Amino acid sequence: MSRLMHVAHGAYAPPAPARELTAVSADGARLHVEVHGPKNAPPVVLAHGWTCSTAFWAAQIRDLAADHRVIAYDQRGHGRSPASATCTTEALADDLEAVLAATLAPGEKAVLVGHSMGGMTLMAASARARFREHAAAALLCSTGSSRLVAEARVVPLRAGRLRTRLTKSVLGSRAPLGPVTPLARRILKYATMGPGSSPGMVEACARIVHACPRNVRHAWSVVLDLLDLDHGVRELKVPTAVVVGTADRLTPVVHARALVAALPNCVGVTELTGLGHMTPVEAPELVTSRIRELVVTYMDGTGSAGSAESAQIKEGA
């Protein structure tokens, strides 16, 4: 991965994986996969969001890899996964299944974590046989299942057709993002992060987002515009926790609350005051602790599902 695609130093610099491999999806798309940590440790699978890459999870990987097997992959067209002509929610589900097949033994359980489009990936795959074979529990960070453009607050106008039309134009722009300049950082912080985000957090996100090819960014924006995965939420029957920032302009808290109401087995929601869309970067310790709680509660430490079905993750930070 080029240095231009992520920061090179500090907490948000991606650690070197123990192993790299390529998973091949149902349509032949090739997916870059990284595995970190001890090979016999309980597995955690991380699916990043729109315009991001495995580098987005640097803080979680660095912490969890001490005692977990952390599997992270680049969504098609992102990071080191080549672009594909097919950009659909079904392709997202296919890709996740391919990663699970390539990295987990038959019947082996993992905690699955998705941020933004990564959370939508989990919803898209929730009824798939391989998802149900391998998922012990799930964490949805800063995501939604439908009405993404209508509910987004990137454009500072009242809700309505004008705001929806302008938001669609902004998010679907084919314009190159260009170099990471002070102005670019300010724009990215406004759109995707809370006002208290540190310069280091903003720089890390800007490097990742600006590295996404504009044709890939546009192609997936069309999918997000038309997204309807409400049925996938109802099929997400494993214990599932939800995290959201109250200042999220891309997937506002209304989405998290709708997920909580619709999930068959919601085990907790955390609303982080003043944080934006990039919760794994803005609140790395909190997100990591939620992942650890799911592993401890719903897995026995060996890749098998635990028995604490009634356990709940507490609300709040």
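Observations concerning the overall build of the protein chain
So, point 1. Summing up its helical and strand segments, the protein chain has 13 helices and 8 strands in all.
So, point 2. Summarising its shape, the C-alpha atoms of the protein chain cover approximately 50 × 40 × 40 Å along the three principal directions.
So, point 3. With 317 residues in all, the protein chain has 57% of them scored as buried.
So, point 4. Summarising the internal contacts of the protein chain: among those between residues at least 6 apart in sequence, 78% fall at separations of at least 24.
So, point 5. Carbon together with sulfur atoms contributes 55% to the accessible area of the protein chain, which is approximately 12900 Å² in total.
So, point 6. For the protein chain, the distance from the average position of its 33 positive side-chain charges to the average position of its 26 negative side-chain charges is 8 Å.

Regarding the packing of helix 2 (residues 89-103) against helix 3 (residues 117-125)
So, point 1. The interhelical angle for the contact between helix 2 and helix 3, taken along N-to-C directions, is 85°, at an axis separation of 8 Å. Here helix 2 lies roughly perpendicular to helix 3, going by the angle between them. Contact residues: helix 2 offers Thr 89, Leu 92, Ala 93 and Leu 96, while helix 3 offers Met 117, Thr 121, Leu 122, Ala 124 and Ala 125.
So, point 2. The residue inventory of the contact of helix 2 with helix 3, partitioned by class, reads 7 nonpolar, 2 polar and no charged.

Points about a nonpolar patch on the surface
So, point 1. On the surface, a nonpolar cluster with roughly 240 Å² of combined accessible area is contributed by Leu 157, Leu 162 and Leu 166.
So, point 2. Mapped onto the secondary structure, Leu 162 falls in helix 6 (residues 161-171).
So, point 3. Judged by relative accessible area, which is 45%, Leu 162 ranks as partly exposed.

Some details on the packing of helix 7 (residues 182-192) against helix 8 (residues 199-210)
So, point 1. With their axes 10 Å apart at the nearest point, helix 7 and helix 8 run at an angle of 95° to one another. Here helix 7 lies roughly perpendicular to helix 8, going by the angle between them. Facing helix 7, whose interface residues are Ala 184, Arg 185, Leu 188 and Lys 189, helix 8 presents Val 202, Glu 203, Cys 205, Ala 206, Arg 207, Val 209 and His 210.
So, point 2. Looking at the contact of helix 7 with helix 8 residue by residue, the classes come out as 6 nonpolar, 1 polar and 4 charged.

Section: the environment of Val 209
So, point 1. Summarising the element assignment, Val 209 is placed in helix 8.
So, point 2. On a C-alpha basis, the gap between Val 209 and His 6 in space is 9.0 Å, while along the polypeptide they are 203 residues apart.
So, point 3. Look past the residues within four positions of Val 209 in its chain and what remains in contact with it is Thr 51, Cys 52, Leu 177, Leu 188 and Met 278.

Each value, and the rule that gives it
- Residues numbered from 1 in each chain as written.
- Predicted model: local features only at pLDDT ≥ 70, side-chain atom pairs only at ≥ 80, totals over all residues.
- Heavy atoms only, no water.
- Helix = DSSP H or I, 4+ residues; strand = E, 2+ residues; numbered from the N terminus.
- Buried < 20%, exposed > 50% of the residue type's maximum accessible area, 1.4 Å probe, protein only.
- Contact = heavy atoms within 4.5 Å.
- Areas by Shrake-Rupley, 256 points an atom, 1.4 Å probe, with all protein chains shown as cover.
- Lys, Arg positive; Asp, Glu negative; His and termini not counted.
- Charge placed at Lys NZ, Arg CZ, Asp CG, Glu CD.
- Axes fitted to C-alpha atoms, helices over the stretch in contact; angles between N-to-C directions.
- Parallel < 35°, antiparallel > 145°, perpendicular 65-115°, else oblique.
- Nonpolar A, V, L, I, M, F, W, Y, C, P; charged D, E, K, R; others polar.
- Patch = residues over 30% accessible without salt bridge, like charges linked within 9 Å, V, L, I, M, F, W, Y side chains within 5 Å.
- Salt bridge = Lys/Arg side-chain N within 4 Å of Asp/Glu carboxyl O.

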